[in-house]
Amino acid sequence: MAGPDAALDLDRPVALFLSAVVHFLGDEDDPYTVVRTLVDALPSSGWLVLSHPTADASPDQVGRAGSAYRGGGVGIRPRSRAEVARFAEGLELVEPGIVPPGEWRPEPGAPVSALTQDGYVLVARKP
C-alpha cells in the first residue's frame, strides 16, 4: 500500500484537517494515539486543524444531540477544552488558541450564535 508521500510532497508543509471527525472516536479507541500517529507522519512545519464538539457551554443541548446520534446507531464523545488541548500537545498553537468556533477570528461586530459555542477549534503547527 502506498504511503502519503505517493500523493503529497512531504518536503513542503502539509495540513491535516480533522474537522468534526475525532468526536466519533470513543475513549476506548484511544483518540489521542490516533491523532498523534497522524501528526507524527506530517513533515516539520505541517499543520493540524481540528474542530471538536463540547458540552462545556451547553451540556443539555449537546446531550440531546448525542442521544439523537446514538438513536441512529452512532456514538459521539464530546470533550472538554482540556481534553481537546491534549490533541495539540507538542505543537505550536496559532492565536487565538483553542476557542469556540464563533471566537476564531470573527469579523468585527459579527454576532456570536449560541450554536458556535458548542465546540472548540484549533490550528497548530508541528515544529
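Quick summary incoming for the structure in this document.

Rules behind the numbers
- Residues numbered from 1 in each chain as written.
- Predicted model: local features only at pLDDT ≥ 70, side-chain atom pairs only at ≥ 80, totals over all residues.
- Heavy atoms only, no water.
- Helix = DSSP H or I, 4+ residues; strand = E, 2+ residues; numbered from the N terminus.
- Buried < 20%, exposed > 50% of the residue type's maximum accessible area, 1.4 Å probe, protein only.
- Areas by Shrake-Rupley, 256 points an atom, 1.4 Å probe, with all protein chains shown as cover.
- Expected span 1.5 Å × (residues − 1).
- Core = buried A, V, L, I, M, F, W, Y, C linked by side-chain atoms within 4.5 Å.
- Contact = heavy atoms within 4.5 Å.
- Phe/Tyr/Trp six-rings, centres within 6.5 Å; stacked < 30°, edge-to-face > 60°.
- Lys NZ or Arg CZ within 6 Å of the ring centre and 35° of its normal.
- Salt bridge = Lys/Arg side-chain N within 4 Å of Asp/Glu carboxyl O.

## Details of the overall build of the chain
Broken down by element type, the chain carries three helices and four strands. Each helix and strand of the chain, ordered N terminal to C terminal, gives the series β-α-β-α-α-β-β. Along the first, second and third principal axes, the C-alpha atoms of the chain reach 45 × 40 × 25 Å. Counting across all 127 residues of the chain, residues that qualify as buried make up 34%. Accessible surface, the chain: about 7,500 Å² in total, of which carbon and sulfur atoms supply 57%.

## Considerations on helix H2 (residues 59-71)
Between the first and last C-alpha of H2 there are 18 Å, a value that for 13 residues agrees with the 18 Å anticipated at 1.5 Å per step. Downstream of H2 by a residue or two, glycine 73 has a phi angle that is positive, lying close to 85 degrees.

## A short note on the nonpolar core
Core analysis: the biggest nonpolar cluster contains 18 residues, and Leu18, Val35, Val39, Leu48, Leu50 and Leu122 have the highest contact counts within it. Only strand E1 (15-19), helix H1 (31-40), strand E2 (47-53) and strand E4 (119-125) provide two or more residues apiece to this core. Beyond its immediate stretch of four places on either side in the chain, leucine 18 contacts Val35, Leu38, Leu48, Val49, Leu50 and Ser51.

## Overview of the packing of aromatic side chains
A complete count under the given rule lists two aromatic pairs for this structure. Judged by centre distance (5.8 Å) and plane angle (70 degrees), the rings of phenylalanine 24 and tyrosine 69 are edge-to-face. One end of the pair, phenylalanine 24, is in the loop between E1 and H1; the other, tyrosine 69, is in helix H2, and 45 residues separate them in sequence. Above the plane of the ring of tyrosine 32 lies arginine 86, whose end atom (NZ or CZ) is 3.7 Å from the centre.

## Here's the deal with the pattern of salt bridges
One pass over the full model with this rule turns up five salt bridges. A salt bridge links glutamate 83 to arginine 77, with the nearest nitrogen and oxygen atoms 2.7 Å apart. The residue arginine 125 makes a salt bridge to glutamate 92 at a minimum N-O spacing of 2.7 Å. Of the two residues, arginine 125 is situated in strand E4 and glutamate 92 in strand E3 (residues 92-93); the sequence distance between them amounts to 33 residues.

## Some thoughts on unusual backbone geometry
With an omega of 15 degrees, the peptide bond running from glutamate 95 to proline 96 counts as cis. Phi is positive for aspartate 30, which is not a glycine, with a value near 55 degrees. By the element assignment, aspartate 30 lies in the loop between E1 and H1. Owing to a relative accessible area of 38%, aspartate 30 belongs among the partly exposed residues under this scheme. Even without being glycine, serine 45 reaches a positive phi, approximately 75 degrees.

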